[in-house]
Amino acid sequence: MLRTAQRTAAGTLLGVGVLGLLLFSLGREQAWQALGGGLVISGASAVLGGALGFLFGVPRVRGGTGAGEPQGSYAPNTNLEQVSDWLTKVLLGVGLTQLGSLGERLHQVGTALAPALGGEQGAVPFAAALVLYFLVLGFPAGWLVTRLTLPQVLSDADQALDLFLAGQDRDRRGDKVGADDLRVRAMQHLGLLGGSADQGDRLSRQLPAGAAAGPENVVAEVRSTARRSALTADQVRELFADGSEAQRLQALALMQGDPALADLPSVLDAIERPRSGFEQYHALLAARGLLSRLPAAGAQRLRDAVAGRLVAPDGIPYGSDRSWLAEKILSRLESAVFLPQQAGPAERSQARQDP
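If you're wondering where the values come from, they're calculated on a predicted model, not measured in any experiment.

The rules behind these values
- Residues numbered from 1 in each chain as written.
- Predicted model: local features only at pLDDT ≥ 70, side-chain atom pairs only at ≥ 80, totals over all residues.
- Heavy atoms only, no water.
- Helix = DSSP H or I, 4+ residues; strand = E, 2+ residues; numbered from the N terminus.
- Buried < 20%, exposed > 50% of the residue type's maximum accessible area, 1.4 Å probe, protein only.
- Contact = heavy atoms within 4.5 Å.
- Areas by Shrake-Rupley, 256 points an atom, 1.4 Å probe, with all protein chains shown as cover.
- Lys, Arg positive; Asp, Glu negative; His and termini not counted.
- Salt bridge = Lys/Arg side-chain N within 4 Å of Asp/Glu carboxyl O.
- Polar contact = N/O pair within 3.5 Å; in protein donor to acceptor, adjacent residues only side chain to side chain.
- Core = buried A, V, L, I, M, F, W, Y, C linked by side-chain atoms within 4.5 Å.
- Expected span 1.5 Å × (residues − 1).
- Arc of directions from axis to C-beta.

Participant: If you had to explain the overall build of the chain to someone new, which residues and values would you point to?
Facilitator: Looking only at helices and strands, the chain features 15 helices and zero strands. In the chain, which comprises 355 residues, the proportion classed as buried is 36%. Here the contacts in the chain between residues at least 6 apart in sequence split such that 69% fall between residues at least 24 apart. If you sum the accessible surface of the chain, you get close to 20,600 Å²; carbon and sulfur atoms cover 60% of it.

Participant: I'd love a proper account of the side chain of Arg 322, names of residues and values included.
Facilitator: With respect to the helices, strands and loops of the structure, Arg 322 is situated in helix H14 (residues 321-335). Of the side chains with opposite charge, Asp 321 comes closest to the buried, unpaired Arg 322, at an N-O distance of 4.3 Å. Within the structure, Arg 322 has its side chain in polar contact with the side chain of Gln 280 (distance 2.8 Å). In this structure Arg 322 touches Ser 196, Gly 277, Gln 280, Tyr 281, Leu 284, Ile 316 and Pro 317, once residues within four positions along its chain are discounted.

Participant: I'd like a description of the nonpolar core, backed by residues and values.
Facilitator: Ranked by size, the top nonpolar core spans 43 residues in total, and within it Met 255, Ile 271, Leu 302, Val 306 and Ile 329 carry the most contacts. Counting only elements with at least two residues in this core, the list comes to helix H6 (176-189), helix H8 (215-224), helix H9 (233-242), helix H10 (245-257), helix H11 (264-272), helix H12 (277-290), helix H13 (296-311) and H14. When neighbours within four sequence positions are excluded, Leu 302 is seen to be in contact with Leu 268, Ile 271, Ala 287, Leu 291, Leu 294, Ile 329 and Leu 333.

Participant: Which residues make up the pattern of salt bridges, and what values do they have?
Facilitator: Under the defined criterion, the tally for this structure stands at 17 salt bridges. Between Asp 169 and Arg 172 there is a salt bridge whose closest N-O contact spans 3.7 Å. Separated by three residues within a single helix, Asp 169 and Arg 172 lie in helix H5 (residues 123-172), roughly one turn from each other. With relative accessibility at 63%, the residue Arg 172 sits in the exposed group. Several salt bridges share partner residues, and in doing so they unite Asp 171, Lys 176, Asp 180, Arg 183, Arg 288 and Lys 328 into one network.

Participant: Run through the side chain of Asp 263, naming residues and quoting values.
Facilitator: On the secondary structure map, Asp 263 appears in the loop between H10 and H11. Only 3.2 Å separates the side chain of Asp 263 from the side chain of Arg 237, close enough to count as a polar contact. Ignoring anything within four residues of it in the chain, the contact list for Asp 263 reads Arg 237 and Met 255.

Participant: Talk me through H13; I want residue IDs and the actual numbers.
Facilitator: The first and last C-alpha atoms of H13 sit 23 Å apart over 16 residues, in line with the 22 Å expected at 1.5 Å per residue. Looking only at H13, the buried set comprises Gly 298, Ala 299, Leu 302, Arg 303, Ala 305, Val 306 and Arg 309. The buried residues of H13 occupy one face: seen down the axis, they fall within an arc of 170°. Looking at the buried side of H13, the elements it contacts are H11, H12 and H14.

That is the geometry; function is a separate question.
Have a look at this one:
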């Protein structure tokens, strides 16, 4: 309701200015010239007012020195903030000193711009009023846009950079799956990838007590403790096969953290028949960790499953985090050299009987 009223008010103010310009132009001998010149003057004044609003609205970077404030992994560049402070103070100082001659300055501006409106009687005050109207209208618009959007954009960029740096650190430590997960989350902060967090309240209710941090953090915590887990590969497979969606995700997280616990049929099932996009995303992460351990036959099965979901109409959506992981898996499968398939007991017995 409030947003609708705000948009209506903004549209009304803009419409009043444009309507006034149109009515003024219709009374001129050279109506098209007056209309065109007036639109250019209005646009330039609105842009100037918006630029001033931007300078006044640039947010300050928090120092991170107070208690409870996170320390960033780098020092943000505050040049824009400093320039904004300097220009704001200069403009305020000059404006206050020239406040007494404001009427004279407006008359000079109107005289200079009157030819663009046809130069006839009334063009000077109308040009001055046009500049003042759209300058004042552009200022709060620029200030509001800056205050409402720029802090979020800067915050997302900071978080994305921190995630990228954390991903590089995970990569150096050999945690390829965790590194890719962090890179995906960084690209989501930048709006480059769509998310798969469609598990909703149903999945959140299945999580254990104390998991208020959200399913993503729970999965990351389980993945980080997988190598210290007392579970065997058979137990993880049973956890996936017999469990709820939350238990299936727990099994996938264990497979991500320790490839020795991974079960390719379970991963393929979560890729081809996922219960949610969130589960399919983590199945792709588990498959990412299996690439260096797959025999040729297993690699072909994984390739067919991933490629099939990419081209299926109801499969992996293009431009999502899942499509990024799927394409990365396929590129790795094309270039990897896979382990030879080891013969089982029956095959070895048959080979000894053959002449």
